[in-house]
Amino acid sequence: MNRSAPTALAHTWTFFRQWLKNPLGMAAISPSSRQLARQMMSELPRGARRVVELGGGTGVFTRALLDSGIAPADLLVLELNEELHQHLQRHFPNVQVACADARDLAEVASARGFGPEAPVDAVVSGLGLLSMPKATQQAILAAAFDCLQPQGRFVQFTYGPANPVAREVLEALDLNARRGSFTWWNVPPATVYVYSRRVSRAITPRSMR
């Protein structure tokens with residue numbers, strides 16, 4: 001068996017073990033479904049080549065991104081949980097995987113060649129934005145859009161139908177939100193949302209502190 005392609009059972013057990021350790025820090029009790037992964041991939045910009053993934057988890061979206069044609073060297077994955085980070089490194093050795101907070105994406109991306117000087121086409125997020133304070137949401141999305149090219153997209157899923165990003169955050173960052181597909185075949189059921197800049201503009205590098 002190819003060790004780089006763990007079974008669904010292995011994904012679930014790895015994810016559930018981390019949920020038992022920190023139930024409040026995990027967005028769900030099981031990894032995302034393949035159907036949700038396909039729906040997330042369908043929202044990538046046409047011809048997308050460089051992608052950042054936030055909250056890699058057990059690698060369901062990571063595998064889908066690679067299968068969709070993203071080259072390992074053009075994929076940067078952030079995962080804050082150390083055991084899940086090690087899991088991703090073992091199963092995706094050619095992908096750039098960082099153990100880091102999504103709020104620090106600007107610094108991490110710049111250090112690995114994914115910053116404003118080489119913007120990405122999309123950011124795919126498996127983070128539980130809905131449960132985060134508005135300030136944290138804004139910090140994460142601001143860092144993500146610092147890495148995105150002007151026409152780039154931030155693709156996020158959430159449990160249930162409601163937009164996970166607060167209206168105040170969208171207004172502060174001048175972003176549009178579009179509701180995408182919904183799947184009952186995820187546990188819990190999930191909706192995909194896509195965020196983009198209201199007006200395409202040149203990327204303004206932020207100071208690194």
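To keep things clear, this report deals only with the structure shown in the data block. (Residues numbered from 1 in each chain as written. Predicted model: local features only at pLDDT ≥ 70, side-chain atom pairs only at ≥ 80, totals over all residues. Heavy atoms only, no water.)

Counting 32 residues, the largest nonpolar core has Val52, Leu54, Leu78, Leu105, Val123 and Phe154 as its most contacted members. Counting only elements with at least two residues in this core, the list comes to strand E1 (51-54), strand E2 (75-78), helix H5 (105-111), strand E4 (120-125), helix H6 (134-147), strand E5 (148-159), helix H7 (167-173) and strand E7 (190-197). Broken down by element, the residue count for this core peaks at 7 residues, all from H6. Apart from residues lying up to four places away in sequence, Phe154 is in contact with Leu54, Val123, Ser125, Leu129, Leu141, Ala144, Phe145, Leu148, Tyr193, Val194 and Tyr195. Among the nonpolar cores identified, the runner-up in size contains 25 residues, and Val51, Phe92, Val95 and Ala190 belong to it. (Core = buried A, V, L, I, M, F, W, Y, C linked by side-chain atoms within 4.5 Å. Buried < 20%, exposed > 50% of the residue type's maximum accessible area, 1.4 Å probe, protein only. Helix = DSSP H or I, 4+ residues; strand = E, 2+ residues; numbered from the N terminus. Contact = heavy atoms within 4.5 Å.)

Let's shift gears to the packing of aromatic side chains. In this description, a pair of aromatic rings is defined by centroid distance and the angle of the planes. The final tally for this structure, using the stated rule, is 5 aromatic pairs. Ring geometry for Phe145 versus Phe154: centroids 6.4 Å apart, planes at 20°, classification stacked. Classification of Phe145 by relative accessible area gives buried; the value is 6%. On the basis of relative accessible area, Phe154 is assigned to the buried category, the value being 0%. Centroid distance Phe157 to Tyr159: 5.4 Å. Interplanar angle 75°. Geometry classified as edge-to-face. Members of the aromatic cluster, connected to one another through ring pairs, are Phe145, Phe154, Tyr193 and Tyr195. In this arrangement the basic side chain of Arg50 is found over the ring face of Phe114, its NZ or CZ atom lying 4.4 Å from the centre. (Phe/Tyr/Trp six-rings, centres within 6.5 Å; stacked < 30°, edge-to-face > 60°. Lys NZ or Arg CZ within 6 Å of the ring centre and 35° of its normal.)

Moving on to H6. In this model H6 runs 20 Å from its N-terminal to its C-terminal C-alpha over 14 residues, within 8% of the 20 Å that 1.5 Å per residue would give. The buried fraction of H6 is high, at 10 of 14 residues. Within the span of H6, buried status applies to Thr136, Gln137, Ile140, Leu141, Ala142, Ala143, Ala144, Phe145, Asp146 and Cys147. (Expected span 1.5 Å × (residues − 1).)

What is shown is where atoms sit, not what they do.
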